[in-house]
Amino acid sequence: MTDTIRIATDALSAEFSLLGAEMRALRDEAGRDLLSDGPPEYWTGRAPFLFPIVGAVNQDLIHLDGRAYPMAKHGFARKSLFALIDQQAEEATFRLAASGATRAIYPFEFQLDIRFRIEGDALLTQVEIANLGDVPLPASFGFHPAFRWPLPWGGDRADHRLLFDQPEPAPIRRIDPASGLLLPEARPTPVEGDRLVVRDDLFVDDAVIFDQLQSRQVRFGVPGNRMLQVEFPALPLLGVWTKPGAPFLCIEPWQGLADPIGFTGDFHAKPYVLTIPAGARHHLAMTIQLIH
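No experiment lies behind these values; they were computed from the predicted model shown.

Observations regarding the nonpolar core
Item 1. In this structure, Phe51, Tyr106 and Leu112 are the most contacted members of the largest nonpolar core, which totals 73 residues.
Item 2. What Leu112 contacts, discounting residues up to four positions off in sequence, is Phe51, Ala77, Phe82, Phe94, Arg95, Leu96, Val127, Glu128, Ile129 and Phe141.
Item 3. Core analysis: the second largest hydrophobic core is formed by 15 residues, Leu50, Ala146, Leu182 and Trp254 among them.

Here we look at the packing of aromatic side chains
Item 1. Enumeration according to the criterion identifies 18 aromatic pairs in this entry.
Item 2. Summarising the aromatic geometry, the rings of Phe141 and Phe143 are spaced 5.3 Å apart at their centres and angled 75 degrees between planes, so their arrangement reads as edge-to-face.
Item 3. Relative accessible area serves as the criterion here: at 1%, Phe143 is assigned to the buried category.
Item 4. Among the aromatic residues, ring-to-ring pairing joins Phe16, Phe49, Phe94, Phe116, Phe141 and Phe143 into one connected group.
Item 5. The ring of Trp149 carries Arg157 above its face, with NZ or CZ at 3.7 Å from the centroid.

Some details on the pairing of strand β14 (residues 161–164)
Item 1. Of the two faces of β14, the one carrying Arg161 and Leu163 and the one carrying Leu162 and Phe164 are both buried.
Item 2. As paired elements, β14 and strand β15 (residues 195–197) share 3 bridges and run antiparallel to each other. Within β15, the residue paired with Leu163 across the bridge is Arg195.
Item 3. As paired strands, β14 and strand β17 (residues 217–221) are joined by 4 bridges and run antiparallel to one another. Looking at the pairing, Arg161 lines up with Gly221 of β17.

Section: the sheet that holds β17
Item 1. The strand order across the open sheet formed by 9 strands is β7-β8-β9-β10-β22-β18-β17-β14-β15, and the pairing between neighbours is antiparallel. Each of the sheet's edge strands pairs with one partner strand only, and the pair in question is β7 (83–87) and β15. The mean inter-strand angle of the sheet, taken between neighbouring strand axes irrespective of direction, is 15 degrees.
Item 2. Summarising the sheet, β7 and strand β8 (residues 91–97) pair through 4 bridges and their orientation is antiparallel. Within the sheet, the bridge partner assigned to Ala83 lies in β8 and is Arg95.

Some remarks on unusual backbone geometry
Item 1. Between Phe51 and Pro52 the backbone carries a cis peptide bond, its omega angle lying at 5 degrees.
Item 2. For Pro52, the location among the structural elements is in the loop between β4 (49–50) and β5 (61–64).
Item 3. Residues Trp149 and Pro150 are joined by a peptide bond in cis, for which omega reads 15 degrees.
Item 4. With respect to the secondary-structure elements, Pro150 resides in the loop between β13 (146–148) and β14.
Item 5. Phi is positive for His74, close to 70 degrees, though the residue is something other than glycine.
Item 6. With respect to the helices, strands and loops of the structure, His74 is situated in the loop between β6 (67–70) and β7.

Rules behind the numbers
- Residues numbered from 1 in each chain as written.
- Predicted model: local features only at pLDDT ≥ 70, side-chain atom pairs only at ≥ 80, totals over all residues.
- Heavy atoms only, no water.
- Core = buried A, V, L, I, M, F, W, Y, C linked by side-chain atoms within 4.5 Å.
- Buried < 20%, exposed > 50% of the residue type's maximum accessible area, 1.4 Å probe, protein only.
- Contact = heavy atoms within 4.5 Å.
- Phe/Tyr/Trp six-rings, centres within 6.5 Å; stacked < 30°, edge-to-face > 60°.
- Lys NZ or Arg CZ within 6 Å of the ring centre and 35° of its normal.
- Helix = DSSP H or I, 4+ residues; strand = E, 2+ residues; numbered from the N terminus.
- Pairing = 2+ DSSP bridges.
- Axes fitted to C-alpha atoms, helices over the stretch in contact; angles between N-to-C directions.

Shown next as structure tokens:
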């Protein structure tokens, strides 16, 4: 028995796993792979979802109403089994619901639905976080797709660029490699205008984090060739990450950040944490499109 779920059009196909509802493959009309194959010497992830935290928290603990709860980096959704609740030729929906295991570390009644749909040459990912309890639900969420670098449409690895839809002059943030927590000082942006030359030395100090982001759309690839466009209209933050020499680049729209160094405050009060009222639902989305 396999847990691989496939959806497709003539222009695009995608495969997913019940583990984490993670996309495991994304291919163009000629069957060329656009997503990392998870090389174990670098990182085995391909496109995990980050919930209910993004990044690391201080001492791997979140604090809620005076109590501490263990929480591993990027949360538990990526290592949880989702249920497939709908599948059609061009779309599939996965669900993760609160359980005894989740309540022990995250004491809330939540339901996380992730719906994938292919429309032509675009893959839409729609996320719904539902608060089924009777108290406000705090949560962060992040996308983490790892795209092939180089992409299979021609051009050398060194020719690839990340093109923002707006100039990005604001300073960037970094995390402490030892703890995974957010460093206090900002650093000059490596973006020139609206263009980032992606190169290995940018990632010696881990991810490049944009926390004053103007853009809600980026393109990745070799200018003049076919490119990937990633659109994330409702997410305020962006991480860009790889390990030096790895054959992938992660483009990560986030609603949330790692804890600042020394942070011990309540999870509700942490910057960029959503607060979803009792009985309410919050929606997020990302679209990956092939651009000629």
